[in-house]
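# Fold and contact review
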Amino acid sequence: MTTLRKTLLCSVALGFLAGSASAEILRWGAARDIVSLDPYSYGDSFTIGFLDHVYDGLVRYNEEFEIVPALATEWEIVDETTWRFTLRDGVTFHNGAPLTAEDVLASLERVSHPNSPLRGNLPAYQSAEIIDDLTIEMTVDANYPLLLNDLTNIHIFNAQWLTDNDALEPTDVGAGIEGFPTFNANGTGPFRVVEWVPDSNVTLEVNEDWWDEARHNLTGIEFTPISSAATRVAALLSGSIDFTENAPLQDLARLEASPDVDPVVTQDLRTVMFGFNRRDTLSEGQENMFNDLRVRQAFAHAIDAESIRDVIMQGNSRVTGALVAPEIPGYTDEMGEPRAFDPETASALLEDAGATGFSFTLNCMNNGYVNEEELCNAVVPMLNRVGFDVTLDIAERAQQTPKRTSGSADMWSFGWANLPMLDSYSILVQVLHSNEGNAGVFNWGGWSYPEIDALIQSAAVELDFDTRIAMQTEALQIARDELIFAPLHEQPMAWAASSRVVDILQQGDNKPRHWTTRLAD
Amino acid sequence: MIAFLIKRIGSAILVMLAVAFLAFLIFAVAGDPVEMMVNEQATQADRDALRERLGLDQPFLVQYATFVMNAAQGEFGISYQTQRDVMSLIASRLPATLELVFIASMLSLLIGVPLGVITAIHRGKWFSEGLQFLSIFGVSLPSFVIAIMLILVFSVMLGWAPGFGRGETVQIGWWSTGLLTASGRNAIILPAIALALYEITLVMRIVRAEMLEVLRSDFVKFARARGVPRRIVHYRHALRNCLMPVATLTAMNFGTLIAFALVTETVFQWPGMGLLFIQAVLSLDFPIMAAYLVITSAIFVTLNTLVDIIYAVIDPRLRQEKI
């Protein structure tokens with residue numbers, strides 16, 4: 001009973017402390033919890049983005065999405081398969097251990113271990129060798145141009161800490177044994193983890209010894225998942241949270257009207273589009289008319305993307321004709337020009353192709369992209385109006401994905417953000433390439449364009465940035481002209497912050513960077 | 001009594017096996033968790049390798065058999081998504097749900113029973129008819145609507161109680177309780193009311209119907225004729241005869257409330273089993289889904305058995321028949 005009373009007193013005292021210091025604590029109400037404190041555990045970009053507050057990579061993106069030094073201060077290409085990195089001197093982990101090449105080696109080995117679900121994030125890595133305490137050489141696939149992009153997303157662990165806690169290898173879900181880093185964190189980042197109660201809160205406190213100059217004025221972050229959108233909005237309006245990275249579009253006007261809350265809205269890097277099955281027959285055995293370019297053009301001309309923007313996206317999406325966002329290297333204004341909304345042309349093209357009345361099923365998810373359910377429900381009548389015969393198949397992501405990957409979807413909604421690579425090589429190799437070997441994993445329609453494949457293969461081993469991007473642009477232009485996908489828009493990304501938040505950095509990758517956030521004094 | 005218990009335990013195991021079987025039938029068509037686990041950069045070979053390591057390439061009967069064998073040894077594996085041990089994950093969420101359901105049940109009894117008695121005694125009066133009318137709302141309004149309305153009024157407009165979370169908790173062994181701290185008690189009010197409202201109206205209507213029945217019976221009339229005060233007749237003698245169905249209802253509904261809590265927990269971000277389950281469903285976290293379903297069915301069977309035992313305790317006639 002005494003212990004109980006003591007615990008009680010302690011928690012009450014803590015409550016008071018938290019209350020008095022709350023002037024600089026950012027209360028973040030998120031749409032969902034992080035899945036783990038281990039960045040190498042699950043392919044979830046939200047969790048990895050959150051853990052950027054705790055862990056650092058060797059390099060990172062700046063505000064213009066350029067790669068700048070983080071834990072590595074400089075790097076050079078020794079020969080076509082070897083990169084040498086020099087580490088920042090004087091960096092310490094949250095437990096006080098200094099950063100050495102040993103730590104980098106252990107982290108690289110851990111993320112590229114065969115059991116790691118995230119080894120795809122570092123595809124070219126072969127091995128690494130420690131030169132001295134602050135120098136490490138990485139051996140990668142010959143002439144691989146995107147190593148730095150990949151490394152922005154690879155968090156560096158402390159080797160000794162991993163060894164002490166038997167966690168040098170990533171947690172193997174198949175073996176069914178928990179791993180220590182799932183519940184504990186020891187990074188070099190701007191904040192350290194004080195406590196994580198799943199689905200309840202993550203408490204972060206500032207790391208005074210962070211190697212970088214702090215732009216923020218926070219003493220900590222109180223992260224609370226609030227999965228119900230209405231509850232999250234209520235929490236913002238009642239002042240129980242200061243920030244959310246997911247404000248429902250339909251509530252933006254209401255948030256705007258409140259004197260204490262400001263929506264922060266921009267466009268995501270994610271381009272939303274529609275993909276066509278290109279096999280000979282479709283799911284019901286009918287002839288696949290999508291193999292006729294005129295039918296795909298008719299589809300593109302039938303969709304009124306501007307009305308979708310104004311009505312369904314509340315004016316916040318960016319209509320596009322390209323398969324990648326303007327921020328992604330490889331984009332040109334020419335490909336960004338949207339196809340005109342022109343139902344007459346669409347009908348004529350369809351008639352020309354002898355495809356009037358062509359029936360197919362549109363596969364959509366109700367929890368995939370922003371307002372996707374409304375979006376797909378709006379697209380169906382637009383298509384039927386010009387002479388298609390569309391049935392909508394809409395369900396949870398988990399149910400729709402198998403239909404898509406098995407090639408049994410006729411047409412599907414699709415979004416690609418080119419993250420974490422931030423380069424159009426991502427969509428080219430994963431989506432547009434023919435499905436062979438390790439390429440074209442998301443080529444669900446079974447298309448094959450040898451000229452695109454050839455360009456991708458040349459780009460994959462081209463170290464000169466401009467030459468490589470020119471090749472990728474060419475490939476993207478072909479994909480656009482051939483309408484492998486019908487691009488719709490860059491989807492909106494809506495955050496909201498209370499008036500306590502005076503400075504917040506919002507970038508298109510939808511990752512809050514609270515080490516730059518400032519609260520009113 | 002022992003034979004009775006053995007029979008009950010046997011049927012409980014059968015029910016749980018059947019539930020697990022149904023769960024695996026669903027998993028076979030639910031989708032592919034591997035697609036949720038890896039990120040966009042993973043190659044096909046990586047995906048296939050992971051699927052194989054998880055045993056998801058096996059036919060579903062084999063997966064089911066493996067699950068039952070492991071479950072029999074208390075091994076439910078670790079979550080695909082959070083990589084935490086499923087049993088300790090559920091155990092850590094169980095207190096939140098049980099506390100919520102317990103408080104909701106208490107509320108339903110403490111409010112429902114007196115209301116039922118009042119509406120029965122004062123049948124035809126304006127306030128009892130009004131309560132009857134209001135109770136229709138309680139039965140028919142979906143619980144998420146009630147929850148959102150409670151949040152809007154008491155959290156956003158009045159600022160009396162928090163609209164999400166569990167407040168401060170105190171750890172007693174493996175049990176975490178929010179009932180011992182002010183913020184914890186404050187946080188449980190809204191979700192408990194949202195969850196209890198349906199049950200309150202149900203209890204009230206049952207007590208009322210039973211009371212009306214009992215008030216017409218001879219022993220009540222004789223008691224009144226003997227000059228026993230009205231209050232004692234109503235609350236000691238009549239009410240006692242109404243409590244059997246209420247006890248049944250409350251106990252049986254304890255399980256239903258655990259299931260209903262799913263919605264309440266999602267709206268209020270109450271870190272209980274329901275929230276855990278919903279998230280597991282969305283990410284196809286099969287180990288959690290299977291364990292949750294099996295454990296919930298175990299709770300249902302246990303409650304049914306307890307109800308049968310409590311019957312005997314409350315009603316002396318049932319006790320005598322057994323002898």
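Predicted, not measured: the structure shown is a model, and the values here were computed from it.

Rules of the game
Residues numbered from 1 in each chain as written. Chains lettered and ligands numbered in written order. Predicted model: local features only at pLDDT ≥ 70, side-chain atom pairs only at ≥ 80, totals over all residues. Heavy atoms only, no water. Disulfide = S-S within 2.5 Å. Helix = DSSP H or I, 4+ residues; strand = E, 2+ residues; numbered from the N terminus. Buried < 20%, exposed > 50% of the residue type's maximum accessible area, 1.4 Å probe, protein only. Pairing = 2+ DSSP bridges. Axes fitted to C-alpha atoms, helices over the stretch in contact; angles between N-to-C directions. Contact = heavy atoms within 4.5 Å. Buried area = accessible area lost by both parts, 1.4 Å probe. Salt bridge = Lys/Arg side-chain N within 4 Å of Asp/Glu carboxyl O. Polar contact = N/O pair within 3.5 Å; in protein donor to acceptor, adjacent residues only side chain to side chain. Nonpolar A, V, L, I, M, F, W, Y, C, P; charged D, E, K, R; others polar.

### Some remarks on the state of the cysteines
All names here are of chain A.
- Evaluation of the coordinates by the stated rule reveals 1 disulfide over all chains.
- Here Cys 364 connects covalently by a disulfide to Cys 376, the sulfurs 1.9 Å from one another. Judged by the sign of its S-S torsion, about -85 degrees, the bond between Cys 364 and Cys 376 is left-handed. Placement of Cys 364 in strand S14 (residues 359-365) and of Cys 376 in helix H12 (residues 372-386) is noted, with a sequence separation of 12 residues between them. As far as the burial class goes, Cys 364 and Cys 376 line up, both buried.

### What to know about the sheet that holds strand S6 (residues 125-132) of chain A
All names here are of chain A.
- With antiparallel pairing, the 4 strands of this open sheet are ordered in space as S4-S5-S7-S6. A single partner strand is all that each edge strand has here, and the edge strands are strand S4 (72-79) and S6. Ignoring strand direction, the axes of neighbouring strands in this sheet form an average angle of 20 degrees.
- Summarising the sheet, S4 and strand S5 (residues 82-87) pair through 6 bridges and their orientation is antiparallel. The residue bridging Ile 77 from the neighbouring strand is Trp 83, located in S5.
- Contacting S5, S6 and strand S7 (135-140), helix H3 (residues 101-111) crosses the sheet at an angle of about 170 degrees to S6.

### Things to note about the interface of chain A and chain B
- Tallying the contact residues gives 61 residues for chain A and 49 residues for chain B.
- Of the roughly 4,700 Å² buried where chain A meets chain B, counting both sides, 56% is carbon and sulfur surface.
- Considering only the surface of chain A that becomes buried against chain B, Tyr 42, Val 173 and Asp 199 of chain A emerge as the three largest contributors, covering 15% of it.
- Here chain A is connected to chain B by 1 salt bridge.
- The partner of Asp 199 of chain A in a salt bridge is Arg 93 of chain B, and the shortest N-O contact between them spans 3.1 Å.
- The tally of links from chain A across to chain B stands at 10 residue pairs in polar contact (both at pLDDT 80 or more).
- Mapped by element, the contributors of at least two residues to the side of chain A that touches chain B are helix H1 (2-21), strand S10 (220-225), helix H6 (229-237), helix H13 (397-405) and helix H14 (425-432) of chain A.
- Per-element tally for the side of chain A that touches chain B: the top contributor is H13 of chain A, with 6 residues.
- Taken together, the residues of the side of chain A that touches chain B sort by class into 26 nonpolar, 27 polar and 8 charged.

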